[in-house]
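Here is what each chain is made of, one letter per residue.
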Amino acid sequence: MIPTLVPLADTPLIEPVAAGWQLVVAALLAIALIVLLITYFKLHPFLALIFGGLTVGIVAGQNVGDVITSFSTGFGTTAAGVGALIALGAMFAKLLADSGGADQIVDTIVGRSSRAALPWAMAGVGALIGLPMFFEIGLVLLMPVIYLVARRAQLSVIAIGIPTLAGLSAMHGLVPPHPGPLVAIASLKADLGTTLILGVLVAVPTVVVAGPLFGKLAGRWVDVPAPQLFEGRDERALADRPSFVATVATVLLPVALMMAKAIVDIAVDDSTNAVQQVFDVIGNPFIALLAAVIVAMFTLGRASGMDRAGITRSVESSLPAIAGILLIVSAGGGFKQVLVDTGIGTLLADWARGANVSVLLLAWVLAVLIRLATGSATVATITASALMLGLVEGLSQGETSLVVLAIGAGSVFFSHVNDAGFWLVKEYFGLSVGQTIKSWSLMETVLSVTGLVFVLLLGIVI
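Scope of this entry: the structure provided in the associated data block.

### Concerning the overall build of the protein
- Each helix and strand counted, the protein has 21 helices and 0 strands in total.
- C-alpha atoms of the protein, sized along the principal axes, occupy 65 × 55 × 45 Å.
- Out of the 462 residues in the protein, the part that is buried amounts to 56%.
- A fraction of 81% describes how many contacts in the protein between residues 6 or more apart in sequence connect residues 24 or more apart.
- Split by element, the accessible area of the protein, about 18,300 Å² in all, is 68% carbon and sulfur.
- With 21 positive and 26 negative side-chain charges, the protein shows a spacing of 12 Å between the two charge centroids.

Printed below as a string of C-alpha cells:
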C-alpha cells in the first residue's frame, strides 16, 4: 500500500533545538538564501549550500561552532559515501566515450530501426547511454547523432531529440549510480539494490510516456529541422570500435551485479550464507563500479586499440570535470546534517503524521518546489532528502526506496530559465525560449509526473 506516516516505536530522533516556528523560519530562510545566491547572484551551488547550512543553524539558535561541526561531519560523510562512486562512474563513462563504445551502441541500434521506430530507438539509446553517464555528458555525446538521424529520417530534431533526452533525464533522476539517487539512498538509508530494481521499473514506462509518446506531440508543436552540423563521421574510428555485444555487456555489468545482490538478499536472507556473503561483496556499488572500470579497460579500451598510456589518459581526464559535482554533493550533505541536527526532521515528521499525508506525495512535492526554485536537480534531491529524513523511519525497505524515487521524480520537474540544462538544450537544438519551454520543459514535467504516478502505483503493492 502507499505508505503514510505512522507512529514510531523506539526510533531515536533528534529533539528540536528550538520552537517549531523558529525551525521552520530557519529552514525557509536557508532555502530562500540558497535560491537567491544561485539564481540571482550566480554563486556556485557549493558556496550557496555552505551559507545555507550556516543560516539554518544560526537562525535556529545553535552555537556557530556546533553548526560548523555539523556541516563538516555531513560533508565528510557524504564525500566518503558517494565520492568514490561518482569518480568511478566518471572514469567508466570516459572510457565508453573515448573508445567509441557509445557510438557503437548508437549506430547499431539506430541503424536497425525503421523511420517510425527511430524515436523509440533513440529513447532506448538515451536510457542506455544515460546509465553510466551524467546528463550533460550524454547530451553532448548524442547531439551529433540526433542531428544525423533527424536529417536522414526527415523528421523534426524535436521528434528525435525529446525521446533521447527523456531516456537520459530519467536515468539521471531515478537510477543509481547517478549522484542524485546515490545521495538520497545514502541520506535515507535505503537499500541500493532494491532502489535500482524499482528505479528501472519506474524509469522504463516513464521514458515511454515522456519520450516517444510526448515527443510525437512536441514534434508537431515545435517543428525545427536539424542544423547542418556534424555531417561527417570518422570511418577509421568506426573500424577501431569495440563490438556492440561487448560494449552493452560492459555497460550493464555494474547494474547486473547490484541487481543480483538485491535478488540474492531477497531469496536467501541469511547473512551467514556463503552465497549471500559473496554477492554482498561483488554487488556492493563500490566493487561493482570498480569491476566495471577494470573490465572496461580491456573490453573498451584495449579492444579499440588504446594502449596503456591512452587508457591512463582517458581515466585521468575524467576526474577534473567532476570536481564541481563532488563539491556540490558533499556540501549538500553538510547542509543536510545541519538540518538534521536542528531537529527539523522530527518536527516535520510529527506534523505529517498528524495530517496523515502520503510520504511519497510529500517527498515529490518538496523536491518539485526546490527544483523550481533552484533549477538544480541535485540540490533538490539533497535538500528534499534532508527534509524527509525523519519521515522515513519505520517504513519498510521497499517503501524507503520508493521515497527515494519520488524525490528523484520531483527533482526533474519543469526545467526553466534557472537551469543550466535548459540553456544547453536551447542552444544545441537552436530553439527560442518559448520553443524550449514547449518541448524540453514540458517533457521534464511529463517525465516527473509520470514517474510519480508509477511510484504511487508501486506503492500500492509494496
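Next comes the rest of the write-up.
### Digging into empty space enclosed by the protein
- Applying the stated rule across the entire model yields 3 cavities of 30 Å³ or more.
- Considering only enclosed or pocket space, the largest cavity measures out at about 80 Å³ in volume.
- Lining the largest cavity are L85, I86, G89, A90, L131, P132, M133, F134, P177, H178 and P179.
- Ranked by residue count, the leading element in the lining of the largest cavity is helix α3 (residues 64-98), at 4 residues.
- Here the lining of the largest cavity is built from residues that sort into 9 nonpolar, 2 polar and no charged.

### Brief notes about the packing of helix α17 (residues 359-374) against helix α18 (residues 377-388)
- Following both chains from N to C, one finds α17 and α18 inclined at 140°, their axes separated by 8 Å at the closest point. Taken together, the axis directions place α17 and α18 in an arrangement best described as oblique. The two elements α17 and α18 meet at a crossing, and its hand is right-handed. Of α18, the residues touching α17 (which contributes V359, L362, A363, L366, A367, I370, R371 and T374) are A377, V379, A380, T383, A384, L387 and M388.
- Looking at side-chain class alone, the contact of α17 with α18 contains 12 nonpolar, 2 polar and 1 charged residues.

### Describing the layout of surface pockets
- Its boundaries defined by the atoms lining it, the largest pocket holds a volume of some 850 Å³.
- What lines the largest pocket is a set of 36 residues, and nearest its centre among them are E136, S376, T378, D419 and A420.
- Breaking the lining of the largest pocket down by element, the ones donating at least two residues are α1 (20-39), α6 (135-153), α7 (157-174), α15 (323-342), α17, α18, α20 (420-429) and α21 (433-461).
- Looking at the lining of the largest pocket residue by residue, the classes come out as 20 nonpolar, 11 polar and 5 charged.

### Points about helix α2 (residues 45-59)
- Compared with the 21 Å implied by 1.5 Å per residue over 15 residues, the 21 Å span of α2 between its first and last C-alpha is a close match.
- Here α2 has its buried residues at P45, A48, L49, G52, G53, T55, V56 and G57.
- Buried positions along α2 lie against α1, α3, α15 and α18.

### Quick word on the nonpolar core
- L165, M388, V403, F429 and M443 are the most contacted members of the largest nonpolar core, which totals 143 residues.
- Per-element tally for this core: the top contributor is α3, with 13 residues.
- With residues near it in sequence (within four places) discarded, F429 still touches M143, I146, Y147, V157, I158, G161, L165 and V224.

### Comments concerning α3
- Along its 35 residues, α3 runs 47 Å from first to last C-alpha, staying within 8% of the 51 Å computed at 1.5 Å per residue.
- The largest bend in α3 comes to about 40°, at V82.
- Of the residues flanking the start of α3, the one acting as N-cap is N63, its side-chain oxygen 2.7 Å from the backbone nitrogen of G65.
- Where α3 terminates, the next one or two residues include G100, which has phi positive at roughly 85°.

### A closer look at the pattern of salt bridges
- This structure, assessed with the given rule, holds 6 salt bridges.
- Between D98 and K94 there is a salt bridge, and its shortest N-O distance comes to 2.8 Å. Of this pair, D98 and K94 both sit in helix α3, separated by 4 residues, roughly a single helical turn.
- When its relative accessible area of 26% is taken as the criterion, K94 is described as partly exposed.

Reading guide: rules and limits
- Residues numbered from 1 in each chain as written.
- Predicted model: local features only at pLDDT ≥ 70, side-chain atom pairs only at ≥ 80, totals over all residues.
- Heavy atoms only, no water.
- Helix = DSSP H or I, 4+ residues; strand = E, 2+ residues; numbered from the N terminus.
- Buried < 20%, exposed > 50% of the residue type's maximum accessible area, 1.4 Å probe, protein only.
- Contact = heavy atoms within 4.5 Å.
- Areas by Shrake-Rupley, 256 points an atom, 1.4 Å probe, with all protein chains shown as cover.
- Lys, Arg positive; Asp, Glu negative; His and termini not counted.
- Charge placed at Lys NZ, Arg CZ, Asp CG, Glu CD.
- 1 Å grid on protein atoms, 1.4 Å probe; cavity = no way out; pocket = protein on both sides within 12 Å on 5 of 7 lines; lining within 4 Å.
- Points joined across faces, edges and corners; volume = space filled by probe spheres on them.
- Nonpolar A, V, L, I, M, F, W, Y, C, P; charged D, E, K, R; others polar.
- Axes fitted to C-alpha atoms, helices over the stretch in contact; angles between N-to-C directions.
- Parallel < 35°, antiparallel > 145°, perpendicular 65-115°, else oblique.
- Left-handed = near helix turned anticlockwise from the far one by under 90°.
- Expected span 1.5 Å × (residues − 1).
- Core = buried A, V, L, I, M, F, W, Y, C linked by side-chain atoms within 4.5 Å.
- Bend = angle between axes of the 7 residues up to and from the residue.
- Polar contact = N/O pair within 3.5 Å; in protein donor to acceptor, adjacent residues only side chain to side chain.
- Salt bridge = Lys/Arg side-chain N within 4 Å of Asp/Glu carboxyl O.

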